[in-house]
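Spelled out from the first residue to the last, the chains are:
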Amino acid sequence: MNRRNLLRAAAILPLARAPFPGEALAQDAYPSRNITMIVPFPAGGQADLAARPVALALERILGKPVIVDNRAGGGGGSIGNAAAARAAPDGYTLLMTLSSLAVLPEADRLFGRPVAYEVSQFAPVARVLADPTLLAVPASAPWKTLQDFVEDARKRPGQIPYGSSGPYGTLHVAMEMFTASAGIKLLHVPFRGAGPALTALLGGTVQALASAPGTLKQQVDEGKMRVLANWGSTRIASFPDLPTFGELGYKDVEFYIWAGLFAQAAVPAPIMTRLREAMAQAVKAPEVIKTFESAGSPVAYLDAPEFSKFVAEDSARLIAAVKKIGRVE
């Protein structure tokens, strides 16, 4: 074959390899491979609690493995959130994260740091859990009531250590709201997530922790921890005898720790629709409902439109709280 014929053959090769009608659609069917669900915290916290049963349910619904990737690091989950924001918007990298999603970029700006990501890079898929935060102390601690705790803190400013999931994470902001209202100062000890902070509380490294009911219930039931107050507006079924901060006189102390699934904002509409449909089924799965209710953290599902509105309203309140708290270490 001479050079001219070789070039002619090469030119028509792409046409010869063109897909038959419908072949491209089959190739692009979602999902066609494994999905990664980033959890920006170590195992043992609220986001991890939400992710694992939901991932198993999604596997059955979507027909492909959904791999939970605990991408811990950074203050309050910023590294995992940023990794999800940078991922290709193809539906194969999802994010199960907490309400701190909106707080962390504002904290970066507050400290003059490069902003790791923006909330606008994400599209809410579905809310999974939404619980008021609870104040927990070791069962061996001397405080039987919130008033006991506050009175001791006033006598020893800056000496009672409390744990958090990282600076300006959900657990940190909740505690700072409380300490500002009570006029007390505690010693903040940040960890890489709620799981390590919970371990530190059990081990006596810290003496207080704000956390979700689902991560505390077993420890309280086993007599290892005591809860003193509830950041919600009303009491909750899993701890019906636990008073709210409002009941105890702290009217401006209200905080909820929610967990929700996000994709990138540029994910194609058909993939987003498929994810929304799959999540609507997943949260109804008996094993998902049982897991969450056993942990004292029942399903609090919202579909994308309602979840988007919820995120916007909650984020505005939390950002205002962070600005009021200001620079704290």
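The present account deals with the structure reproduced in this document. (Residues numbered from 1 in each chain as written. Predicted model: local features only at pLDDT ≥ 70, side-chain atom pairs only at ≥ 80, totals over all residues. Heavy atoms only, no water.)

Re the overall build of the chain
Part 1 of the reasoning: In terms of regular secondary structure, the chain is built from 12 helices and 11 strands.
Part 2 of the reasoning: Burial status across the chain gives 54% buried among its 329 residues.
Part 3 of the reasoning: Taking the contacts inside the chain whose residues are at least 6 apart along the sequence as the reference set, 77% of them involve residues at least 24 apart. (Helix = DSSP H or I, 4+ residues; strand = E, 2+ residues; numbered from the N terminus. Buried < 20%, exposed > 50% of the residue type's maximum accessible area, 1.4 Å probe, protein only. Contact = heavy atoms within 4.5 Å.)

What to know about the sheet that holds strand 9 (residues 225-230)
Strand pairing in a sheet relies on backbone hydrogen bonds, with the paired strands running either antiparallel or parallel.
Part 1 of the reasoning: Across the sheet, which stays open at both edges, the 5 strands sit in the order 7-6-8-5-9 with mixed pairing between neighbours. With one partner strand each, in any of the chains shown, strand 7 (187-190) and strand 9 form the two edges of the open sheet. Here the average twist between neighbouring strands, direction ignored, is 30°.
Part 2 of the reasoning: Here strand 5 (residues 134-138) pairs with strand 8 (residues 208-211) via 3 bridges, running antiparallel. Paired with L134 across the strands is S211, a residue of strand 8.
Part 3 of the reasoning: Against the sheet, helix 6 (residues 146-155) engages strand 5, strand 8 and strand 9, with an angle of about 90° to strand 9. (Pairing = 2+ DSSP bridges. Axes fitted to C-alpha atoms, helices over the stretch in contact; angles between N-to-C directions.)

A short note on the packing of helix 7 (residues 170-182) against helix 12 (residues 304-325)
Part 1 of the reasoning: Interhelical geometry of helix 7 versus helix 12 gives an angle of 60° and a closest axis separation of 10 Å. Accordingly, the angle class assigned to the pair helix 7 and helix 12 is oblique. For the element pair helix 7 and helix 12, the recorded crossing hand is left-handed. Residues V173, E176 and M177 of helix 7 form the contact with helix 12, whose participating residues are A321, V322 and I325.
Part 2 of the reasoning: In the contact of helix 7 with helix 12, the residues fall into 5 nonpolar, no polar and 1 charged. (Parallel < 35°, antiparallel > 145°, perpendicular 65-115°, else oblique. Left-handed = near helix turned anticlockwise from the far one by under 90°. Nonpolar A, V, L, I, M, F, W, Y, C, P; charged D, E, K, R; others polar.)

Describing the side chain of D314
Part 1 of the reasoning: Topologically, D314 is positioned in helix 12.
Part 2 of the reasoning: Since its relative accessible area comes to 6%, D314 is described here as buried.
Part 3 of the reasoning: Within the structure, D314 has its side chain in polar contact with the side chain of W258 (distance 2.8 Å).
Part 4 of the reasoning: Those residues in contact with D314, other than ones at most four positions away along the chain, are S99 and W258. (Polar contact = N/O pair within 3.5 Å; in protein donor to acceptor, adjacent residues only side chain to side chain.)

Structural notes on the environment of Y92
Part 1 of the reasoning: Relative to the helices and strands, Y92 is located in the loop between helix 4 (78-86) and strand 3 (93-98).
Part 2 of the reasoning: Those residues in contact with Y92, other than ones at most four positions away along the chain, are A29, Y30, P31, S32, R33, N34, I35 and T36.
Part 3 of the reasoning: Within the structure, the side chain of Y92 is placed 2.8 Å from the backbone nitrogen of S32, a separation counted as a polar contact.

Quick word on the sheet that holds strand 4 (residues 122-132)
Part 1 of the reasoning: Read from one edge of the open sheet, 6 strands run 2-1-3-10-4-11, paired in mixed fashion. Two strands close off the open sheet at either side, each with one partner strand: strand 2 (66-70) and strand 11 (302-303).
Part 2 of the reasoning: Inspection of the sheet shows strand 4 paired to strand 11 by 2 bridges, in the antiparallel sense. Following the sheet pairing, A126 is matched in strand 11 by D303.

Looking at empty space enclosed by the protein
Part 1 of the reasoning: Going through the model one piece at a time under the given rule, you end up with 1 cavity of 30 Å³ or more.
Part 2 of the reasoning: Counted as a void, the largest cavity has a volume near 50 Å³.
Part 3 of the reasoning: Taken together, F41, P42, G45, Q46, A47, D48, L98, T170, L171, A194 and I257 form the lining of the largest cavity.
Part 4 of the reasoning: Residue contributions to the lining of the largest cavity peak at 3 residues, all from helix 3 (residues 46-62).
Part 5 of the reasoning: Residues belonging to the lining of the largest cavity are distributed by class as follows: 7 nonpolar, 3 polar and 1 charged. (1 Å grid on protein atoms, 1.4 Å probe; cavity = no way out; pocket = protein on both sides within 12 Å on 5 of 7 lines; lining within 4 Å. Points joined across faces, edges and corners; volume = space filled by probe spheres on them.)

Some thoughts on the layout of surface pockets
Part 1 of the reasoning: Roughly 210 Å³ of volume is contained in the largest pocket.
Part 2 of the reasoning: Taken together, 10 residues form the lining of the largest pocket, with E176, M177, A180, D252 and K324 sitting closest to its centre.
Part 3 of the reasoning: Considering only residue class, the lining of the largest pocket consists of 5 nonpolar, 2 polar and 3 charged.

Remarks on the nonpolar core
Nonpolar side chains tend to gather and get buried jointly when the protein is soluble and globular.
Part 1 of the reasoning: Ranked by size, the top nonpolar core spans 59 residues in total, and within it M37, L58, M96 and M279 carry the most contacts.
Part 2 of the reasoning: Looking at this core element by element, the count peaks at 9 residues for helix 3.
Part 3 of the reasoning: Counting residues in hydrophobic clusters, the runner-up holds 49 residues, among them Y162, I184, V253 and F307. (Core = buried A, V, L, I, M, F, W, Y, C linked by side-chain atoms within 4.5 Å.)

Description of unusual backbone geometry
Part 1 of the reasoning: Looking along the chain, the bond that leaves Y30 and enters P31 is cis, with omega of -5°.
Part 2 of the reasoning: Locating P31 in the fold gives a position in the loop between helix 2 (23-28) and strand 1 (35-39).
Part 3 of the reasoning: For Y168, which is not glycine, the phi torsion reads 65° and is therefore positive.
Part 4 of the reasoning: Positionally, Y168 belongs in the loop between strand 6 (161-164) and helix 7.

Observations regarding the environment of V68
Part 1 of the reasoning: Looking at where V68 falls in the secondary structure, it is placed in strand 2.
Part 2 of the reasoning: The exposure class of V68 is buried, given its relative accessible area of 18%.
Part 3 of the reasoning: Apart from the residues lying within four places of it in its own chain, the contact partners of V68 are M37, V39, D48, A51, R52 and A55.

Structural measurements only, silent on function.
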